[in-house]
Structures are given as C-alpha cells and as structure tokens.
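# Coordinate inspection notes
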Amino acid sequence: MAIAQETFEQLRTAGLAEIDPDIAELLGRELERQRGQIELIASENFTWPSVLEAVGSVPTNKYAEGYPGKRYYGGCEVVDEIEDLARERAKSLFGAEHANVQAHAGAQANMAVYFAILNPGDRVLGLSLDHGGHLTHGLKVNFSGKLYEFHHYGVSRETMRVDYDEVLAKAKEVRPKLIVCGGSAYPRTVEADRFREIAHEVGAMLMCDMAHFAGLVAAGIHPSPVPHCDFVTSTTHKTLAGPRAGFVLCRAEHAQALDRANFPGEQGGPLLHTIAAKAACFKIAATDAFRDYQLQVRANADTLAAGLIDGGFDVLTGGTDTHLVQLDLRATEWTGAAAEGRLDECKLTVNRNTVPFDERPPMVASGVRLGTPAATMRGFDEDDFREVASIIVDALQDEADIAALRGRAEALCDRRPLYPGFRGYTTYVA
Ligand SMILES: *Cc1c(COP(=O)(O)O)cnc(C)c1O
C-alpha cells in the first residue's frame, strides 16, 4: 500500500492547532482558566516556561529502561547525561547520598520505597488521611493499604498538631518496620528529627514524604528531613514548582534496593523528557531567586491565615509554618463543599478538605485547604493576600455580593498576569 504522501507530510510537520483544533482550543481555554482565577489549591503551582519546554521535548520518543550506563536499549548516550544531571542536581540540592529521579509521580515514589524495603503484610505507621496524611500512606482502597498492614497516628485534639509522645506510644505498640512522616494537609513543620528518635527507639526505618513542602526545604526555610531519614520522597510539581512527577532520595546503603524497586519493580521506561524538566527544576530551586520566591510563599501564607482569623474564621492550629492554611468551618454554617462552591463563583479555586475529628464525610468535609505557591508564582505579595483573605471572608457571608467579589478577584488577576507574553496554543504552527 502507499501512504497518502500529502496528508502524511502534513501530519509530520503541522502543529497542534492545525492537526487537532479541538484539543488546541481546550488547551487555550485551560490557559485562560488558569489566568482568570486565583489558584489557592495548596498542591498546585504554575511551573516555569523552561520546564514546560522540557516537558514537551523529544526524549518523549526514547526508551531507556534501566539507569545511566546500564540501559536495556541503544542510543541512550544523551539521555544518560540528562538523567545523570537530574540525579546530581537532586543530590546536591537536598544534600542526599543517592537520588532516583524516575518516579512518574509522587505515588510511584512512595511505591518504590515500599517495594524496596517491605514485604506484603509488613507493618507501617503513618499519619492518618483524615488528619492530614495521604492516600498512599495506607488508605484501605489504595495499593498501600491493600499490600501492607498500615497503622496510623493522628494529631492531638487540643493542639491539632502531631503529638510526638503519642507517636512513640503507638510505635511501641505497633512495632512497625517503617514509619512514614509528612502529609498533604498538615500546616505545621514536620519534625523529622523527632520521628528519627522514635524510629530509633522501636528499630523502624523512617521515610519522610515531603511532597508538599519540598520547595521550602530546597530553599532552607523548612528543616530538611534528609539527614534524619532512610528515605525521602517527593513530588516535583507542588511547592517545588517543577513538572508533574516524583523522585526519591535515600542513604547510599539503600540505593541499589531503591533503584531495583523502581525499575524493574514498578515502572517500565522512564519519562526522560520529564526527567529533563526535573533537572531544570532542581537547577532553578538552587538559586537565590527561588529562595526569595519561597520566602514570599511563606509570608503570603502567614498573611492569609491572619486575614482569615481577623475576619472571624478558625484556622487549624492558629496559623501555619508552611505554604498551607487549613480553614476550619466547624464553627460556621458552611460545609467544606459549600464553601468550595461559593469561592469558585468568586473566582477563587480551593478544595474542600476534612479537618481532624471531622464528623462530615470527605465529599462534604468541614474544612477548606488553601495554599499560596501558585498565586505567589504569578506575583502576589502580602497586600494581594490581604485582599484574597478579605474576599474569602466576604464570600462566606450569607448576603455576599458575588458579582462584586468576582470583580475584586479579577482585578487581582489583571494586576498579576500569568505567563505574560505566552501566546497560547491556538496559533501554534511548527
Ligand atoms: C501529592 C502527594 C503525593 C502524590 O503525588 P501524585 O503526584 O499525585 O502521585 C504523595 N504524598 C503526598 C504527601 C502528597 O501530598
């Protein structure tokens, strides 16, 4: 048979807008959606143009199962250099002995650690999901909860913070092989040094999942878990502001087990275009400008928490040590779901979240999780976050003027443009 040359030629040279206007239009609409609302989802960020470029690059064409210098495919000499750079930069950024940068996402990073050191049925102790943990820390319907015997510690009812004496008591009772610290909705410092003492006392290994606060660690404004842990896992797309992906750091003694657990244990070929983007992300994260950005993320989170408290709302733990603020709505008539909907009408994007000891189910929830990394990335400062807090306070009143509130949010967006100069996708032709 003969290929229809003209059409084939077009497919081989045309850009997305020409080949698939439907998707190009949707990408353009998603860009405008991101530009036109205030992003307060604590796990999201707007990555760098340089990272977007790497994610859309040609190593997506390359199979490279294995590791640099030990691949199962030919033609890996260039991608070996990419992965080596990413590994070296991760190690130097976080002061780690070994880095594996192949995890497709945060969940796979955690899976790699579990596969490296646990057998099915082994006991693990982690922060419970409804107190701020993560589904990969032993939720029953997640692989972690199905494969391993997870037990959970929570936060104290009085302080809403991890009570390290309780963790120790629980660890003595459970005798876990691994203790997991870190989570997705914990606004305070994760004190890995104290978890280390507990792990030491019960003979457990220690893993910190710093998916949320890795950017703060890179900038030196959250204590690093690396010196205290056998393994540290992370995403690259949250505070770290890189591509949607994960990575694992560990002590040299675990390097071989970790690498084998990742491949061939749980993944096939690595996504080397994404690994190239991770390398760029680690390079950026080592700069003074990145540290300044993280300091602004922190200052904005303090401003947001203070503004909500001044407006009469409860903030879990009374504030934050990180980028994350948990609005506790139990003293109000709002559910998390209703508040999420109202804020959405006002062009503020948030997610409902259970608070510890919540009596509502997760789909309804009694809290809203907020974060400052994304809005800070588009240039929001403390003044802007005073206004954000004020919009939230005004929005969660019975007689809120939605149109006026939306106007205030749009004014902030106009003043702080996202990806200025980026022309979008609808006009792109290679
Ligand atoms: C986000 C997150 C993950 C999972 O990351 P994905 O990239 O969504 O798989 C794992 N652990 C914690 C604590 C997280 O916050």
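Predicted, not measured: the structure shown is a model, and the values here were computed from it. (Residues numbered from 1 in each chain as written. Predicted model: local features only at pLDDT ≥ 70, side-chain atom pairs only at ≥ 80, totals over all residues. Heavy atoms only, no water.)

Bringing the site of the ligand into the picture now. Around the ligand lies a shell of 13 residues, among which Gly 106, Ala 107, Ser 184, Asp 209 and Lys 238 are the nearest. Between an oxygen atom of the ligand and a main-chain N or O atom of Gly 106, the distance comes to 2.9 Å. With respect to the ligand, the side chain of Asp 209 contributes an N or O atom lying 2.6 Å from a nitrogen atom. Ranked by the residues each element gives to the shell around the ligand, the list is headed by helix α6 (residues 106–117), at 3 residues. (Near = heavy atom within 4 Å. Polar contact = N/O pair within 3.5 Å; in protein donor to acceptor, adjacent residues only side chain to side chain. Helix = DSSP H or I, 4+ residues; strand = E, 2+ residues; numbered from the N terminus.)

Structurally, Tyr 164 can be placed in helix α8 (residues 164–174). Residue class for Tyr 164 comes out buried when judged on its relative accessible area of 8%. Counting along the chain gives 25 residues from Tyr 164 to Leu 139, while the straight-line C-alpha distance between them is 22 Å. Non-local contacts of Tyr 164, meaning those with residues more than four positions away in its chain, are made with Thr 189, Val 190, Glu 191, Arg 194, Phe 195 and Ile 198. (Buried < 20%, exposed > 50% of the residue type's maximum accessible area, 1.4 Å probe, protein only. Contact = heavy atoms within 4.5 Å.)

Moving on, we come to the pattern of salt bridges. On inspection of all chains with the given rule, the structure shows 24 salt bridges. Where Asp 302 meets Arg 298, a salt bridge forms, and the shortest distance between an N and an O atom there is 3.0 Å. Residue Asp 302 and its partner Arg 298 are located together in helix α13 (residues 288–310), separated by 4 residues, close to a single helical turn. Each of the salt bridges in this network shares a partner with another, and the network as a whole consists of Asp 381, Asp 384, Arg 415 and Arg 416. (Salt bridge = Lys/Arg side-chain N within 4 Å of Asp/Glu carboxyl O.)

Another aspect to go through is the nonpolar core. Ranked by size, the top nonpolar core spans 69 residues in total, and within it Phe 94, Ile 179, Phe 195, Met 210, Leu 240, Leu 249 and Phe 282 carry the most contacts. Per element, the largest residue contribution to this core is 9 residues, and it comes from helix α12 (residues 272–285). Dropping the residues within four chain positions of it, Leu 249 is found in contact with Ala 90, Phe 94, Ala 96, His 98, Ala 99, Met 210, Val 226, Asp 230, Phe 231 and Val 232. (Core = buried A, V, L, I, M, F, W, Y, C linked by side-chain atoms within 4.5 Å.)

Pairing in this open sheet of 4 strands is antiparallel, and the strands run β11-β12-β15-β14 from one edge to the other. The sheet is open, and its two edges are formed by β11 (314–315) and β14 (351–353), each paired on a single side. Of the strands in this sheet, β14 and β15 (367–371) touch helix α14 (residues 336–345), which is tilted by about 165° from β14. (Pairing = 2+ DSSP bridges. Axes fitted to C-alpha atoms, helices over the stretch in contact; angles between N-to-C directions.)

Now for a nonpolar patch on the surface. The grouping of Met 1, Ile 3, Phe 8, Leu 11 and Ile 19 at the surface amounts to a nonpolar patch, some 560 Å² of accessible area in total. Considering the arrangement of structural elements, one finds Ile 3 in the segment before α1 (5–13). (Patch = residues over 30% accessible without salt bridge, like charges linked within 9 Å, V, L, I, M, F, W, Y side chains within 5 Å. Areas by Shrake-Rupley, 256 points an atom, 1.4 Å probe, with all protein chains shown as cover.)

Viewed as axis vectors pointing N to C, helix α16 (residues 382–395) and helix α17 (residues 402–415) meet at an angle of 160°, and their least axial separation amounts to 10 Å. One element, α16, and the other, α17, form an angle in the roughly antiparallel class. For the pair α16 and α17, the crossing hand works out as left-handed. From α16, Asp 384, Glu 387, Val 388, Ser 390, Ile 391, Asp 394 and Ala 395 reach across to α17, where they touch Leu 405, Arg 408, Ala 409, Leu 412 and Arg 415. Broken down by class, the residue content of the contact of α16 with α17 amounts to 6 nonpolar, 1 polar and 5 charged. (Parallel < 35°, antiparallel > 145°, perpendicular 65-115°, else oblique. Left-handed = near helix turned anticlockwise from the far one by under 90°. Nonpolar A, V, L, I, M, F, W, Y, C, P; charged D, E, K, R; others polar.)

This part is about helix α11 (residues 255–266). Its 12 residues give α11 an end-to-end C-alpha distance of 16 Å, which sits within 8% of 16 Å, the value for a rise of 1.5 Å per residue. Residues Ala 255, Leu 258, Asp 259, Ala 261, Asn 262, Phe 263 and Glu 266 constitute the buried set of α11. Relative to the axis of α11, the buried residues are bounded by an arc of 155° and lie together on one face. Exposed side of α11, more than 90 degrees from the buried face: Gln 256, Arg 260 and Pro 264 are the residues found there. (Expected span 1.5 Å × (residues − 1). Arc of directions from axis to C-beta.)

With that out of the way, let us pick up the sheet that holds strand β5 (residues 123–127). In spatial order, the strands read β4-β10-β9-β8-β7-β5-β6; together these 7 strands make up an open sheet with mixed pairing. With partners counted over all chains shown, the strands left at the sheet margins are β4 (98–100) and β6 (149–153), one partner each. On average, each strand axis in the sheet is tilted by 20° relative to the strand beside it, whichever way the strands run. Pairing analysis gives 3 bridges linking β4 to strand β10 (residues 246–250), with the strands arranged antiparallel. Directly across from Asn 100, in β10, lies its bridge partner Val 248. Contacts between α11 and the sheet are confined to β4, β9 (231–235) and β10, with β4 contributing the most and set at about 0° to the helix.

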